[in-house]
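# Remarks on the overall topology
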Amino acid sequence: MTFTAILSALAEEQQGLLELLQQPQKINHAGRDFWQGSLYGQPVVLALSRIGKVAAATTATALIERFKVSRIVFTGVAGGLGAGVRVGDVVVATEFVQHDLDASPIFPRYEVPLYGQSRFACDAALSALLLAAGRASLQGLALSPTVTLHHGLIASGDRFVSGAQEAQALRESLQDQGHAVLAVEMEGAAVAQVCFDYGLPFAAVRTISDRADDQAHVDFPVFVRDVASLYAQAMVRQLLQSL
Ligand code: ADE
């Protein structure tokens with residue numbers, strides 16, 4: 001059977017999916033709860049990534065090794081970094097970079113040592129389906145016409161970015177090395193690297209909850225509860241129905 005793993009960053013985002021899961025079976029493994037079942041007719045495993053790169057890497061590895069999933073799809077929220085990436089917009093990732101990885105001068109800034117690369121790509125076919133699911137969901141939710149669906153590079157690191165100057169420094173430093181990032185979050189690059197190691201298709205979508213500025217910590221919790229969980233639910237439905 002081909003299991004699709006749906007990774008959510010936060011419990012609020014997973015809750016709506018859990019309520020729709022058919023024949024739910026909870027399995028505790030590696031200190032985490034994994035939910036196996038069927039969603040929109042597709043065999044799935046739902047899991048929380050937990051927060052930060054190491055926790056997300058453990059969850060992804062468990063999904064692959066213990067649950068034998070065939071693909072991983074991540075839904076969550078992110079801070080907008082790129083110009084024109086606004087709160088309420090949606091970003092489907094093409095690639096991920098770790099903004100807090102720096103083994104220079106031994107390796108170039110941002111390069112993951114011994115991989116010879118800084119960026120890990122998402123699966124093109126799965127990302128195309130996710131992009132189509134995002135487009136259909138945004139239309140279905142009848143959101144304001146200013147909501148934009150972006151497709152590009154996302155940066156991950158073990159830091160909640162909550163200052164305008166910090167966000168600008170991050171954006172410029174990445175840009176100096178040729179990485180034009182749209183958004184920042186705390187898990188995606190780790191899952192992308194694990195999926196690269198195992199040769200598994202990975203795709204990720206992030207709703208922009210804040211601008212990674214001085215307001216970020218205020219905007220974030222409200223947004224997750226009121227908006228992002230609805231987006232995630234709609235996009236997962238569209239995606240699973242298209243598989
Ligand atoms: N996830 C959502 N907003 C974020 C931010 N500002 N920094 C890191 N991760 C985030």
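Residues numbered from 1 in each chain as written. Predicted model: local features only at pLDDT ≥ 70, side-chain atom pairs only at ≥ 80, totals over all residues. Heavy atoms only, no water.

## Section: the pattern of salt bridges
Inspection of every chain in the model, using the stated rule, returns seven salt bridges. The shortest N-O distance in the salt bridge between Arg 119 and Glu 95 comes to 2.7 Å. Of this pair, Arg 119 sits in strand β7 (residues 119-121) while Glu 95 sits in strand β6 (residues 90-98); the two residues are 24 residues apart in sequence, bridging distant segments of the chain. For Glu 95, a relative accessible area of 22% puts it in the partly exposed group. Among the charged side chains, a salt-bridge network with shared partners connects Glu 185, Glu 187 and Arg 206. (Salt bridge = Lys/Arg side-chain N within 4 Å of Asp/Glu carboxyl O. Helix = DSSP H or I, 4+ residues; strand = E, 2+ residues; numbered from the N terminus. Buried < 20%, exposed > 50% of the residue type's maximum accessible area, 1.4 Å probe, protein only.)

## A few points about the nonpolar core
Grouped together as the largest cluster of nonpolar side chains are 43 residues, with contacts concentrated most on Leu 63, Val 69, Ile 72, Phe 96, Val 191 and Phe 202. Look past the residues within four positions of Ile 72 in its chain and what remains in contact with it is Ala 5, Leu 7, Ala 60, Leu 63, Ile 64, Leu 126, Val 191, Cys 195, Leu 200, Pro 201, Phe 202 and Ala 203. In terms of nonpolar packing, the next biggest core, distinct from the first, is built from 22 residues, Ile 6, Val 90, Leu 126 and Ala 203 among them. (Core = buried A, V, L, I, M, F, W, Y, C linked by side-chain atoms within 4.5 Å. Contact = heavy atoms within 4.5 Å.)

## Thoughts on the environment of Pro 24
Mapped onto the fold, Pro 24 is located in strand β2 (residues 22-29). Apart from the residues within four sequence positions on either side, Pro 24 is in contact with Trp 35 and Gln 36.

## A closer look at the packing of helix α3 (residues 124-140) against helix α6 (residues 216-242)
Taken N-terminus to C-terminus, the directions of α3 and α6 make an angle of 125 degrees; their axes are 8 Å apart at the nearest point. Between α3 and α6, the angle is such that the two are oblique. The two elements α3 and α6 meet at a crossing, and its hand is right-handed. Contacts between α3 and α6 involve Leu 129, Leu 130, Ala 133, Gly 134, Ala 136, Ser 137 and Leu 138 from the former and Tyr 231, Ala 234, Met 235, Gln 238, Leu 239 and Ser 242 from the latter. Here the residues of the contact of α3 with α6 are counted per class, giving nine nonpolar, four polar and no charged. (Axes fitted to C-alpha atoms, helices over the stretch in contact; angles between N-to-C directions. Parallel < 35°, antiparallel > 145°, perpendicular 65-115°, else oblique. Left-handed = near helix turned anticlockwise from the far one by under 90°. Nonpolar A, V, L, I, M, F, W, Y, C, P; charged D, E, K, R; others polar.)

## Comments concerning the packing of helix α2 (residues 53-65) against helix α5 (residues 188-198)
Put simply, α2 and α5 touch, their axes get as near as 8 Å, and they point 35 degrees apart. Like other packed secondary-structure pairs, α2 and α5 cross with a definite hand, here right-handed. Here Lys 53, Ala 56, Ala 57, Ala 60, Thr 61, Ile 64 and Glu 65 of α2 come into contact with α5, specifically with Ala 190, Val 191, Val 194 and Tyr 198.

## Here's the deal with the site of the ligand
Within the structure, the ligand sits among 13 residues, and Gly 79, Phe 160, Val 161, Glu 185 and Asp 210 are positioned closest to it. Here a nitrogen atom of the ligand and a backbone polar atom of Gly 79 are 3.3 Å apart. With respect to the ligand, the side chain of Asp 210 contributes an N or O atom lying 2.7 Å from a nitrogen atom. Its free accessible area being 260 Å², the ligand has 97% of it covered by the protein chains. (Near = heavy atom within 4 Å. Polar contact = N/O pair within 3.5 Å; in protein donor to acceptor, adjacent residues only side chain to side chain. Areas by Shrake-Rupley, 256 points an atom, 1.4 Å probe, with all protein chains shown as cover.)

## A look at unusual backbone geometry
A cis amide bond links Ser 104 to the next residue, Pro 105, at an omega of 5 degrees. Tracing the sequence through the fold places Pro 105 in the loop between β6 and β7. Positioned with a positive phi, Arg 50 is a non-glycine residue whose angle comes to about 70 degrees. For Arg 50, a relative accessible area of 41% puts it in the partly exposed group. In this model, Ala 212 sits at a positive phi of 55 degrees, which is unusual for a non-glycine residue. Along the chain, Ala 212 falls in the loop between β10 (202-210) and α6.

## Side note on the packing of aromatic side chains
Within this structure, the stated rule accounts for five aromatic pairs. Taken together, a centroid distance of 5.9 Å and an interplanar angle of 35 degrees make the contact between Phe 96 and Phe 202 tilted. You can see Phe 96 sitting in strand β6 and its partner Phe 202 sitting in strand β10, a full 106 residues away along the chain. Its relative accessible area of 0% is what places Phe 96 among the buried residues. On the accessibility criterion, Phe 202 (2% relative accessible area) is buried. Ring geometry for Tyr 115 versus Phe 196: centroids 5.9 Å apart, planes at 55 degrees, classification tilted. Taken together, the residues Tyr 115 in the loop between β6 and β7 and Phe 196 in helix α5 connect sequence positions 81 residues apart. Since its relative accessible area comes to 45%, Phe 196 is described here as partly exposed. Here the basic side chain of Arg 66 rests over the ring of Phe 67, its NZ or CZ set 4.8 Å away from the ring centre. (Phe/Tyr/Trp six-rings, centres within 6.5 Å; stacked < 30°, edge-to-face > 60°. Lys NZ or Arg CZ within 6 Å of the ring centre and 35° of its normal.)

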